[in-house]
Amino acid sequence: MYALINLISIWAIPIIIVFIPLFAFTKKVPVYESFIDGAKDGFSTAIQIIPHLVGMMVAISIFRASGALDFFVGWTGSFLTSLGVPSEILPLGLLRPLTGTGSLAFATDLIREYGPDSMIGRMASTIQGSTDTTLYVLTVYMGAVGIRNGRYALKVGLFSDAVGFVAAIAVCLIFFG
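Here the structure is a predicted model, which is why all the values come from computation and not from measurement.

A few words now on the overall build of the protein. Counting its regular elements, the protein contains 8 helices and 0 strands. For the protein, the sequential pattern of α-helices and β-strands runs α-α-α-α-α-α-α-α. Its C-alpha atoms give the protein a radius of gyration of 20 Å, clearly above 16 Å, the size a compact globule of 177 residues would have. Seen through its principal axes, the protein has C-alpha atoms that stretch 60 × 50 × 30 Å. In the protein, which comprises 177 residues, the proportion classed as buried is 26%. A sequence separation of at least 24 residues applies to 66% of the contacts in the protein between residues at least 6 apart. Accessible surface, the protein: about 11,900 Å² in total, of which carbon and sulfur atoms supply 72%. Averaging the locations of the 10 positively and 10 negatively charged side chains of the protein gives two centres separated by 10 Å.

Counting 18 residues, the largest nonpolar core has Ile89, Ala124, Ile127, Phe165 and Ile169 as its most contacted members. Discounting chain neighbours no more than four positions away, the residues touching isoleucine 169 are Val85, Ile89, Met123 and Ile127.

Throughout the structure, instances matching the rule amount to 1 salt bridge. Taking the shortest distance from any N to any O, the salt bridge between aspartate 109 and arginine 112 comes out at 3.0 Å. Of this pair, aspartate 109 and arginine 112 both sit in helix H5 (residues 100-114), 3 residues apart, roughly one helical turn. Exposure remark for aspartate 109: the relative accessible area of 42% places this residue in the partly exposed category. Relative accessible area serves as the criterion here: at 62%, arginine 112 is assigned to the exposed category.

What follows is about the UniProt feature "domain: Nucleoside transporter/FeoB GTPase Gate" (unreviewed entry) in the protein. Look at the UniProt record and you will see "domain: Nucleoside transporter/FeoB GTPase Gate" (unreviewed entry) annotated at residues 47-147. Helix makes up 78% of residues 47-147 and strand 0%. Its end C-alpha atoms lie 17 Å apart.

Counted by the stated rule, this structure contains 2 aromatic pairs. Of note, arginine 122 hangs over the ring of phenylalanine 176, and the distance from its end group to the ring centre comes to 4.2 Å.

So, on to helix H7 (residues 134-145). Counted at 1.5 Å a residue, the expected span for H7 with its 12 residues is 16 Å, and the 16 Å between its end C-alpha atoms agrees. Every buried residue of H7 is listed here: Thr134, Leu138, Val140, Gly143 and Ala144. Buried positions along H7 lie against helix H2 (31-65) and helix H8 (153-176).

Before going further, it helps to examine the environment of aspartate 70. Inspection of the secondary structure puts aspartate 70 in helix H3 (residues 68-82). Aspartate 70 sits in the exposed class, given a relative accessible area of 55%. Each C-alpha atom of the pair aspartate 70 and leucine 104 lies 18 Å from the other, and the pair is 34 residues apart in sequence.

With that out of the way, let us pick up the UniProt feature "transmembrane region" (unreviewed entry) in the protein. Within the UniProt annotation, "transmembrane region" (unreviewed entry) is assigned to residues 7-25, 45-63 and 156-176. Its end C-alpha atoms 27 Å apart, residues 7-25 is made of 100% helix and 0% strand. End C-alpha to end C-alpha, residues 45-63 measures 27 Å, and it is 100% helix and 0% strand.

Analysis parameters
- Residues numbered from 1 in each chain as written.
- Predicted model: local features only at pLDDT ≥ 70, side-chain atom pairs only at ≥ 80, totals over all residues.
- Heavy atoms only, no water.
- Helix = DSSP H or I, 4+ residues; strand = E, 2+ residues; numbered from the N terminus.
- Rg over C-alpha atoms; globule rule 2.2 N^0.38 Å.
- Buried < 20%, exposed > 50% of the residue type's maximum accessible area, 1.4 Å probe, protein only.
- Contact = heavy atoms within 4.5 Å.
- Areas by Shrake-Rupley, 256 points an atom, 1.4 Å probe, with all protein chains shown as cover.
- Lys, Arg positive; Asp, Glu negative; His and termini not counted.
- Charge placed at Lys NZ, Arg CZ, Asp CG, Glu CD.
- Core = buried A, V, L, I, M, F, W, Y, C linked by side-chain atoms within 4.5 Å.
- Salt bridge = Lys/Arg side-chain N within 4 Å of Asp/Glu carboxyl O.
- UniProt positions renumbered as here; feature names shortened; annotations may be inferred.
- Phe/Tyr/Trp six-rings, centres within 6.5 Å; stacked < 30°, edge-to-face > 60°.
- Lys NZ or Arg CZ within 6 Å of the ring centre and 35° of its normal.
- Expected span 1.5 Å × (residues − 1).

Right under this line is the structure:
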């Protein structure tokens, strides 16, 4: 099974890179022109989302620099430890909905400090794959499209992040605990 997964991982991207242009060619789609049009649209979208990105990065920096993250971790750390959950994991659960790069850096630090095969390393990896950068997605993509009222998107996104966080911890405790 490992050999099959390894073989798939080696060949997946080259096959996709060859398959898509060939499929488009058989459907008589102008591949290069379509790519250029998409790149033009992508560039204008990037220009539109820069103010939203800057605003989000400032908010994340204020959250971390103010000590609010450390306060919350200290406040809930003993409760998590009593449940068998390492308190070192909590900042990752709080950062992940805010920033993908920040949470990846934090997860990398956890893995470097505790090791990839430690419970903390496994939980950090699983949390990274089980949650999303909800606030980033809402800010950037809704801002780029011009949606001012996200209705329930924030609630549903944060709820799904919380469920993903708890499920990642539960799965790690069941399989590795």
